[in-house]
Amino acid sequence: MYQTCRRTRLLLLLPAIAALTGCVTPVAVRGLSAQLVRTQLAYSLSLRGYFAAVEKFADAQVKIADYRIDEITSQMNREFGQRAGAALGHAATPEERQRIIDQLVKDVAGNTSADLPLKRKITDAVTSLQQRDRELESAYLVILAASQKLDEYIRLKKADEAAIQELTRAVGLNSEKITSIVDEIAKLSQDLTLSMTKTQ
Amino acid sequence: MMTMTIDELLTQLSDLSLKLELTPDDPTKFDLQILILQLRKQVVAQAFDPLTTLANSTVEVEQLKLLMPQVDQAILTEQRRAMLVARIISLAKIALRAAGVNLVQ
C-alpha cells in the first residue's frame, strides 16, 4: 500500500518536475525539425534537377545561336561575293581585278573573325549560369547541413530527458507519453497564466 | 538624349532598307544591308546578356559554416552530461534496491 502510494506520487511528480524545469523538447518541435530536414533534402534534389534542365536548355540555345550567327555570316559573305562579282565584271585591268579579289578575301575574313568574340560572349554567359548554379547548390547544401545539425541537437537526448527516461523506466512508464503529458501541462500552464493576466 | 535599343535600331534600319528596295543598287545601300546583318548577330548574342548579371547576387553561408562546429560541441557536451546523469541514476537505483525499494526493470 505504502509502495503503491509512493509510486503514484512519483508518477505525478515526474511530469510536474519536467514541466517546471522546461527541459524536455516538445514533440511538436522535434516533429517540425525532422520534417524541415526531410523537406530541405527533397528541395535540394529538386533544385539539382531544375539546374540540370535549365543548363541543358541553355546549351541548346547556344547551339541555336551559333547556328544563327553562322547563317547570318554566310549571308553576309554571299553579299560580299555578289558585290565583288559585279565589280569584277567592270574591272578593266588585272591589277583592278586583283584589288577586288583582295578586298573580298579581307571582307570575308573580317566578317568571320568578328563572330569569335560574339560566340565567346555567349559561352561565357552560359558558363556564368552554370557557375552560379553550382554556387547556389553548394550554398543550399550548407543550409541543409546546418538544419541537420540543429535537428541532431533537437533530437538529442538531453541530460534532463535522460534522467526522466531513466526514472520513468524504473516505474514502468513510456517516456514518450510523459513527454506528451509534459507538453500538455506546459500548454495548460501557459493558458492559465494568460487567463490570470487577463482577469487582473 | 533619347536612347535606343539594338532591337529598335534594327527595326528602323530594316524599315529603311525596305523603302530603298526599289532604288538602284549603290555602295550605301550595300553598307546598310551589311549593317542590318551585323546587328542581327548582335541581337542573337545580346539575348544571353541577362545571364551575366547572375554573378552579382550571392548567398552568404560562411557564418553557418562557422557556427556549425559550435553546435557539434554542444551536442558532444550534452551527450557527456546525459551519460553522466544515466550513470548517477543507475547508481541511485542500485542504492534504492539495496535499501529495499522495489523498482520496475
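Criteria and thresholds
- Residues numbered from 1 in each chain as written.
- Chains lettered and ligands numbered in written order.
- Predicted model: local features only at pLDDT ≥ 70, side-chain atom pairs only at ≥ 80, totals over all residues.
- Helix = DSSP H or I, 4+ residues; strand = E, 2+ residues; numbered from the N terminus.
- Core = buried A, V, L, I, M, F, W, Y, C linked by C-beta atoms within 7 Å.
- Buried ≥ 20, exposed ≤ 12 C-beta atoms within 10 Å, placed from the backbone.
- Contact = placed C-beta atoms within 7 Å.
- Nonpolar A, V, L, I, M, F, W, Y, C, P; charged D, E, K, R; others polar.
- Domains from an automatic or database assignment.
- Expected span 1.5 Å × (residues − 1).

Student: Even after reading the chapter, I still don't get the overall build of chain A, so can you show me in this structure?
Tutor: Counting its regular elements, chain A contains six helices and zero strands. For chain A, the sequential pattern of α-helices and β-strands runs α-α-α-α-α-α.

Student: Mind showing me how you'd approach the nonpolar core here?
Tutor: One recurring pattern in soluble globular proteins is that nonpolar side chains are buried together. A:Ala65, A:Ile69, A:Ile72, A:Met76, A:Ile122, A:Ala125, A:Leu129, B:Val44, B:Ala45 and B:Phe48 form the largest nonpolar core, which has ten residues in total. Elements with a contribution of two residues or more to this core: α2 (27-90) and α4 (115-155) of chain A together with α2 (27-46) of chain B. The element that contributes the greatest number of residues to this core is α2(A), accounting for four residues. In this structure A:Ala65 touches A:Ile122 and B:Val44, once residues within four positions along its chain are discounted. The next biggest cluster of nonpolar side chains, apart from the first, holds six residues, and it includes A:Ala163, A:Ile164, A:Leu167 and B:Ala82.

Student: What is the right way to look at the interface of chain B and chain A in this model?
Tutor: How big an interface is tends to be stated in terms of the accessible area lost upon association of its parts. Taken together, the contact pairs 32 residues of chain B with 38 residues of chain A. Sorting the residues of the side of chain B that touches chain A by element identifies α2, α3 (49-52) and α4 (62-98) of chain B as the ones contributing at least two each. Per-element tally for the side of chain B that touches chain A: the top contributor is α4(B), with 13 residues. The residue inventory of the side of chain B that touches chain A, partitioned by class, reads 22 nonpolar, three polar and seven charged.

Student: Help me understand the domain arrangement of chain B in this model?
Tutor: Assigned domains within chain B: domain 1 (6-50) and domain 2 (60-105). Distance between the C-alpha centres of domain 1 of chain B and domain 2 of chain B: 77 Å.

Student: Even after reading the chapter, I still don't get α4(B), so can you show me in this structure?
Tutor: Residues spaced three or four apart along an α-helix point in a common direction, a consequence of the helix completing one turn every 3.6 residues. With 37 residues, α4(B) should reach 54 Å at 1.5 Å per residue; the first-to-last C-alpha distance of 55 Å fits that figure. Once α4(B) finishes, B:Gly100 follows within two positions and takes phi at roughly 100°, a positive value.

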